[in-house]
Amino acid sequence: MKSTLPRGPRYIVQGGAVLRGDVPISGAKNHALAAMCASLLTEDEVILNNVPEISDARSLAQLLTNLGAGVEWTAPNTLRLVGGTVGKVETPSELITENRASFQVMGPLLARLGRASSVPPGGDVIGQRPLDVHLGGFHYMGASIRREGERYVVEAPEGGLRGARLFMDYPSVSGTQNVVMAAALARGHSTIVNAATEPEVQHLCHMLNAMGGHIEGIGTQMLEVDGVERLHGATIDIMPDRIEAGTFAVAAAMTAGDVRLNGAPVEVMDALWAKLRDAGATVTIEGPACARIASDGHLRGVNFQALPYPGLATDLHAPLAAMLTQAHGVSIIHERVFDNRMLYVGELRKMGAEIVSTGSSAIVVGKAQLNGAHVRALDVRAGAAVLLAALVAHGETTIDDVSHLDRGYEKLAEKLRGLGTAIERQ
Ligand code: EPU
C-alpha cells in the first residue's frame, strides 16, 4: 500500500559512482548556530563569515529577527547581526520547534536582558535530549526557572546572574554553550565542571573572548569564566564543518574513490582518520586544512564507539555504518551519546544491508550488495547514511524527506555532482 504522507523534496541517485576530485568544505553548522546566538550577548554588530547556507541557519536567523535583532546576509556566507535592537525575550514556538540550537538564545537573553522564555526546542528525533544541563547551569547562577504551560521561563535574580561553581551531569554540547554564554556576562567568577570539549564549543569560547570575555581552560572539561559587565562586537570566521568533511571522507572510502577535502579541519578529526585507516582506506594529510582520502575498494570491518570529543563523533556514526556495509567482515558499533540514533538501520536494510541493531548497538556484516530502493532521510545524519549507501547501490535510489539533509549540508547535491555522482533533486 502506498503511503499518502507528504514526503517533501527528494533525491534520485544513480548508484555506481566512484567519487573523484576536490570538494570544498563549508562552515560548521554547530559552530555557526551557537555563534549566531552569541550575537545576542552584545548590543554591537557581530559579523560572521563562512556561515553555511543551510536551513537550520536560515530558521535561526528568522528567530533572531523575530526577537528584534538586526539580521542581514551581506554576502552569500556572511551574516551581519545586531543584538542591540532586541526587545523581546519570548521565543515564538513555531520557530523554536524547528531547530535544537534555537534554545541557545536562552543563555544570552537571560544574561543580557534578565529574562527568557521558550518552549523545548526541536531538532532531530535522535533521543530524549533533555534540558537539565542548560537549566541546571542557569539555576546555579541564581536564575529562577518555572514552567508556564509548555514554556520554560527563566529569570535572573536582582542585580543579574551570579558567577558560580557548577557541575554538569553530562558534558552536553549545547548545554555548555548556553551556560558559558550566560556566565560570560554574570557577576563574578564561574567554574564549569564537566564541560563539553567539542571544537564547536572551543570556537564559541574563543568568540566570547574576542568579544571582550574572559574564559580560560578552553578545550578542557573545566572552563573558568570571569564575567564581564558588557561584551562588544567582533568579526568571526566560522570553523569548517568536521561532520561534512567526514561524510565526504567516508563517501570517498566506500566508493573506492579519491577525494581531496579542501578546507577540512584535519586536526580535530583524528578519530575518523584512525577508523578509516583501520578499515583499509588511505588518509593523507596534505596540510593543516587539506586531507586526501582514497581507497582501492577493499575495506575491512572495524568496531567503533560514538563518544563525546575527542572520541568518534556521534554525527558520523550513521555515515560510517553505511560504509561498513561495504567492508568485509563483522563490525560492531556502540552509540554512547544519543539513545535513538539507529533510525538509519531500517532504511539501510531496505537496500539490502546486513545490519541489525539492539538498543544503542548495531552489528554490520559485509560486504553486502546494496540495491537501489525507495528510502527516507529520517534525520540529518540518517539521511547522509542512506545517501552514501545509494552511491554504491545497484540501480536508482529515491530518497524522500531530504529537507532533513538541507538542515546540515550546504550544496550537497552540487558537491556530489562535482565528484562524479549522478544525483537530482525533485
Ligand atoms: N543531555 C542531557 N541533558 C541535557 C542535554 C543533553 O542529558 O540537558 C544528553 C542528551 O540526552 C544526549 C547527550 O547529552 O544523550 C548529548 O547531547 P548534547 O546536549 O551534547 O547534544 P546537543 O547539544 O543537543 C549537539 C549538536 C548535535 C550533536 C551533539 C553531540 C547542535 C545544534 N547539535 O547537540 O548535532 O550530535 O551536540 O555532539 O550543536 C547534528 O549536527 O546532526 C547534530 C545532531
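The structure this text deals with has already been given above.
As a starting point, this report considers the structure included with it. (Residues numbered from 1 in each chain as written. Predicted model: local features only at pLDDT ≥ 70, side-chain atom pairs only at ≥ 80, totals over all residues. Heavy atoms only, no water.)

A look at the sheet that holds strand β22 (residues 374-376)
- Ordered in space as β22-β23-β1-β24, the four strands form an open sheet in which the pairing is mixed. The two strands at the open ends of the sheet, each matched to only one other strand, are β22 and β24 (422-425). Averaged over neighbouring strand pairs, the angle between their axes works out to 20 degrees when direction is ignored.
- In terms of strand pairing, strand β1 (residues 11-14) meets strand β23 (residues 396-400) through four bridges, oriented antiparallel. Counterpart to Tyr 11 in the pairing with β23 is Ile 399. (Pairing = 2+ DSSP bridges. Helix = DSSP H or I, 4+ residues; strand = E, 2+ residues; numbered from the N terminus. Axes fitted to C-alpha atoms, helices over the stretch in contact; angles between N-to-C directions.)

What about the sheet that holds strand β11 (residues 214-216)?
- Read from one edge to the other, the open sheet built from four strands follows the order β9-β10-β12-β11, with strand pairing classed as mixed. Edge positions in the sheet fall to β9 (165-167) and β11, since each of these pairs with one other strand and no more. Strand-to-strand twist in this sheet, taken as the mean axis angle between neighbours without regard to direction, amounts to 15 degrees.
- Relative to strand β12 (residues 222-226), strand β10 (residues 189-193) runs antiparallel, the two sharing five bridges. In the strand pairing of β12, Ile 192 is matched with Leu 223.
- Lying over the sheet, helix α6 (residues 173-184) contacts β9, β10, β11 and β12, oriented at roughly 25 degrees with respect to β12. (Contact = heavy atoms within 4.5 Å.)

Examining helix α4 (residues 106-113)
- Burial of α4 is extensive: six of the eight residues sit out of reach of the surface.
- Every buried residue of α4 is accounted for by Met 106, Gly 107, Pro 108, Leu 109, Leu 110 and Ala 111.
- Trailing α4 by a residue or two, Gly 114 shows a phi angle of about 85 degrees, which is positive. (Buried < 20%, exposed > 50% of the residue type's maximum accessible area, 1.4 Å probe, protein only.)

A look at the packing of helix α8 (residues 242-254) against helix α12 (residues 380-392)
- Here α8 crosses α12 at 25 degrees, and the two axes come no closer than 10 Å. In terms of orientation, α8 lies roughly parallel with respect to α12. By crossing handedness, the relation of α8 to α12 is classed as right-handed. Where α8 approaches α12, its residues Ile 243, Thr 247, Val 250, Ala 251 and Met 254 are matched on the opposing element by Arg 381, Ala 384, Leu 388, Ala 389, Leu 391 and Val 392.
- Classifying every residue of the contact of α8 with α12 by side-chain character gives nine nonpolar, one polar and one charged. (Parallel < 35°, antiparallel > 145°, perpendicular 65-115°, else oblique. Left-handed = near helix turned anticlockwise from the far one by under 90°. Nonpolar A, V, L, I, M, F, W, Y, C, P; charged D, E, K, R; others polar.)

What about α12?
- Counting buried residues along α12, 13 of its 13 residues qualify, which places the element largely inside the surrounding structure.
- The N-terminus of α12 is capped by Asp 379, whose side-chain oxygen sits 2.9 Å from the backbone nitrogen of Arg 381. (Polar contact = N/O pair within 3.5 Å; in protein donor to acceptor, adjacent residues only side chain to side chain.)

Some points on the environment of Pro 288
- Take Pro 288: it is sitting in the loop between β15 (282-287) and β16 (290-294).
- Its relative accessible area of 70% is what places Pro 288 among the exposed residues.
- As a C-alpha pair, Pro 288 and Val 266 span 22 residues in sequence and 6.3 Å in three-dimensional space.
- What Pro 288 contacts, discounting residues up to four positions off in sequence, is Ala 264, Val 266 and Glu 267.

With respect to the site of the ligand
- Lining the immediate environment of the ligand, one finds 23 residues, of which Ser 172, Ser 174, Asp 315, Val 337 and Arg 381 sit closest.
- In this structure, Val 173 approaches the ligand through a main-chain N or O atom, which is 2.8 Å from an oxygen atom.
- In this structure, Arg 381 approaches the ligand through a side-chain N or O atom, which is 2.7 Å from an oxygen atom.
- Listing elements by their share of the shell around the ligand, those giving two or more residues are α1 (29-38), α5 (132-140), α6 and α12.
- Broken down by element, the shell around the ligand gets its largest block of residues, three residues, from α5.
- Residues of the shell around the ligand, tallied by class, amount to 10 nonpolar, five polar and eight charged. (Near = heavy atom within 4 Å.)

Quick notes on the nonpolar core
- Ranked by size, the top nonpolar core spans 81 residues in total, and within it Leu 261, Trp 273, Leu 276 and Tyr 344 carry the most contacts.
- Here the element with the most residues in this core is α12; it accounts for 11 residues.
- Apart from the residues within four sequence positions on either side, Leu 276 is in contact with Ala 249, Val 250, Ala 253, Ala 281, Val 283, Ile 293, Leu 320 and Met 323.
- Core analysis: the second largest hydrophobic core is formed by 72 residues, Leu 60, Ala 182, Leu 204 and Leu 223 among them. (Core = buried A, V, L, I, M, F, W, Y, C linked by side-chain atoms within 4.5 Å.)

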